[in-house]
Amino acid sequence: MKFESGPRSLSSLRSSSTECTAKSATGSCASHSTGVATLIDVLTVTSTELQQFLSKGYIQSVDLVEIYLDQIERENHSGLELNAMISTTPKHILHEIAKELDAERRRGIVRGPLHGIPISVKDNIMTGLKFGLPTTVGTFALKNAIATENAPVVDLLINAGAIIIGKTNLSEMAGFKGFGVTTGWSVLGGQTQSPYIDGGFKDRTKILDHSAPGGSSSGSAVGVAAGFSPLALATETDGSIVQPSNRAALYGMKATVGLISAEGTAPWSPVTDSIGGMAKSPEDLANLFSVLLNTDLTHCLSATWSDQRVGVVDPGLWSFSPVICDPDTMLIQQQREELEAVVDKIQTDGAKIKRPVPLPSMDNLVLDGDDALEQIWNHDFNVAWEEYLRGYKDINISSIHDIVDFNKKNSEKALPKCYPGQQLLEECIDATKIISQTKYDKAIELIRKVARVEGIDKIMNEYNLDVIIGPMDGRIPTIAAAAGYPVGTMPLGYSETNGRPFGVCIIARAGQEDKILRAMSAWELSVGKRKPPPLVPRHELALPLKTETSLVPNDKAKDYRLYGPQAFINGASLKVLSFFEVIKRFVSIILKQL
């Protein structure tokens, strides 16, 4: 039977007593009655839409802080117990920041599209003393470790007016701890759960089981999908952003290696590490990357496939190894059929399609019988972490050796029975397991030659392509990592087996994030809007519709409130209202004025 609305009835989970009868231009539910209300649904609203509401005075950033904290409170450790957040910024700090940004807006100062917008930050990216948030990387040894300064990428967000709502759960040590540790699990954050999968992560013997959230940035993706924040900042070495984005029906992208400073982020290797983010729409992602790259990328958002040249790999050549994910024949067939149908559609819509196009195989990324990338990562990890740990204030941990020893001494908590190993950490400090500098140089030369020179660059040139797309359920992101090139993911469908989202991987050449974003924007028009997770209860917030609503100062309360007959909410007391409650309050307000 085809999976439509999730393993459980969506109607039984919604907090509203009825479906909205119409959709506004932004996609938020709206009443047919003129001037009644727009309803914000954190599961679907984008940061672009929120910015419009802020600009029109329908809501303030202090209100957005409360809305997203409430959603985290409902579903992170309670409700569905998604375990997407490790920590949230103290409320008084969030209010202080939000009020300052609201004050700037009242003075006519808007820093950009992220001004006053909450965003989550992966908990391997340092946030400084001001936030009072540890940067734990999910590990017990760093439970209370606070960085001296923000990572440069965090400062970019702050300077753009974004509000750091909290830190997201992740695969412990960004996935570099022990054999068999599943994606999205950390000793501090627990197992991140998909909001699309009834019953949670089922087969923990496979790190990318079909019920798994998908990668080391799992908390970031689940948080955006579940309405904990409209945007997420994350890191990726190999698939850490795009795989969990794929399984949360999000648009995600990792930037070209070296294009954005990775200082202050927990490293694997400078050869493959990079920064990126996740969002519900291509426009939101473009706004985020405009800040990260300090250049306006919104110009590349396209309403057409015209003049876009797209290569499509043979999907039959790309799939996961059974070691990490059991083959699902029904899903594989569904993915191939839906990809073929969409490629046909975008070709009809104007894209210039070349299919199939080749890509290097993982078999080509082998040096002396072993995975070349793994040899590079094992070589770099320990040294890179020594530098990273210097960014913390007053801790007794200065090396991977210290973390390994700490875990052994505190094994009951640091090495629990479900995942008692730390083999990857032990190997990276074992001199006998680390390759020589000469072999290391050969490994880098190999991966760049295979993936870049004779791989992506050659194929792009031969077929005259802008981007290459293929199944996300496979190792295409690894080829991009080996090349050091940008990679993204775009939503496609939802498994008929268990409802989990699946998408399409998209890669481009170095520095061509704009081409990925351009393709994403056209993709959304061809494929349609993503579906929100059906298991998460819907909570809709009523906002005024009329543009004449004004922000009127209330000196006594020292805040700004929405005034007018349509003022269902104010900056002091936001409430989540059902559709019937909205109508009831509107009628009450009108009657009082008669």
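Keep in mind the model is a prediction, meaning the values are calculated, not measured.

1. Examining the pattern of salt bridges
Alright, step 1. Applying the stated criterion to the full structure yields 18 salt bridges.
Alright, step 2. A salt bridge links Lys167 to Asp123, with the shortest nitrogen-to-oxygen separation between them at 3.2 Å. Here Lys167, found in strand 6 (residues 163-168), pairs with Asp123, found in the loop between strand 5 (118-122) and helix 4 (152-159); they are 44 residues apart in sequence, far enough to count as distant.
Alright, step 3. Across the salt bridge formed by Lys206 and Asp326, the nearest N and O atoms sit 2.4 Å from each other. Here Asp326 lies in the loop between strand 12 (309-312) and helix 8 (329-348) and Lys206 lies in the loop between strand 8 (190-191) and helix 5 (218-225), a separation of 120 residues in the sequence.
Alright, step 4. Under the relative-accessibility criterion, Asp326 is labelled partly exposed at 34%.
Alright, step 5. Taken together, the salt bridges that share partners define one network made up of Arg309, Asp466 and Lys515.

2. Remarks on the layout of surface pockets
Alright, step 1. Space inside the second largest pocket adds up to approximately 430 Å³.
Alright, step 2. For the lining of the second largest pocket, the leading source of residues is helix 9 (residues 372-389), giving three residues.

3. Overview of the packing of helix 2 (residues 61-75) against helix 3 (residues 91-106)
Alright, step 1. Packing of helix 2 against helix 3 leaves a shortest axis separation of 7 Å and a crossing angle of 145°. Residues Ser61, Val62, Val65, Glu66 and Leu69 of helix 2 form the contact with helix 3, whose participating residues are Lys91, Leu94, His95, Ala98, Lys99 and Asp102.
Alright, step 2. For the contact of helix 2 with helix 3, the per-class residue count stands at five nonpolar, two polar and four charged.

4. Overview of the nonpolar core
Alright, step 1. Ranked by internal contacts, the top residues of the largest apolar core, which has 87 residues, are Ile59, Val153, Leu157, Leu233, Leu292, Ile469 and Trp523.
Alright, step 2. When residues of this core are assigned to their parent elements, the largest contribution, seven residues, is made by helix 2.
Alright, step 3. One finds Leu170, Val271, Tyr440 and Tyr485 within the second-largest nonpolar core, a separate group that totals 59 residues.

5. So, unusual backbone geometry
The bulk of non-glycine residues show a negative phi, and the bulk of peptide bonds are trans.
Alright, step 1. Here Arg355 and Pro356 are connected by a cis peptide whose omega angle stands at -10°.
Alright, step 2. Along the chain, Pro356 falls in the loop between strand 13 (352-354) and strand 14 (366-367).
Alright, step 3. Despite not being glycine, Ala174 shows a phi value in the positive range, around 55°.
Alright, step 4. Taking the relative accessible area as the measure of exposure, Ala174 reaches 9% and is therefore buried.
Alright, step 5. Its identity is not glycine, yet Asp368 carries a phi of approximately 55°, on the positive side.
Alright, step 6. Residue placement: Asp368 occurs in the loop between strand 14 and strand 15 (370-371).

About the criteria used
Residues numbered from 1 in each chain as written. Predicted model: local features only at pLDDT ≥ 70, side-chain atom pairs only at ≥ 80, totals over all residues. Heavy atoms only, no water. Salt bridge = Lys/Arg side-chain N within 4 Å of Asp/Glu carboxyl O. Helix = DSSP H or I, 4+ residues; strand = E, 2+ residues; numbered from the N terminus. Buried < 20%, exposed > 50% of the residue type's maximum accessible area, 1.4 Å probe, protein only. 1 Å grid on protein atoms, 1.4 Å probe; cavity = no way out; pocket = protein on both sides within 12 Å on 5 of 7 lines; lining within 4 Å. Points joined across faces, edges and corners; volume = space filled by probe spheres on them. Axes fitted to C-alpha atoms, helices over the stretch in contact; angles between N-to-C directions. Contact = heavy atoms within 4.5 Å. Nonpolar A, V, L, I, M, F, W, Y, C, P; charged D, E, K, R; others polar. Core = buried A, V, L, I, M, F, W, Y, C linked by side-chain atoms within 4.5 Å.

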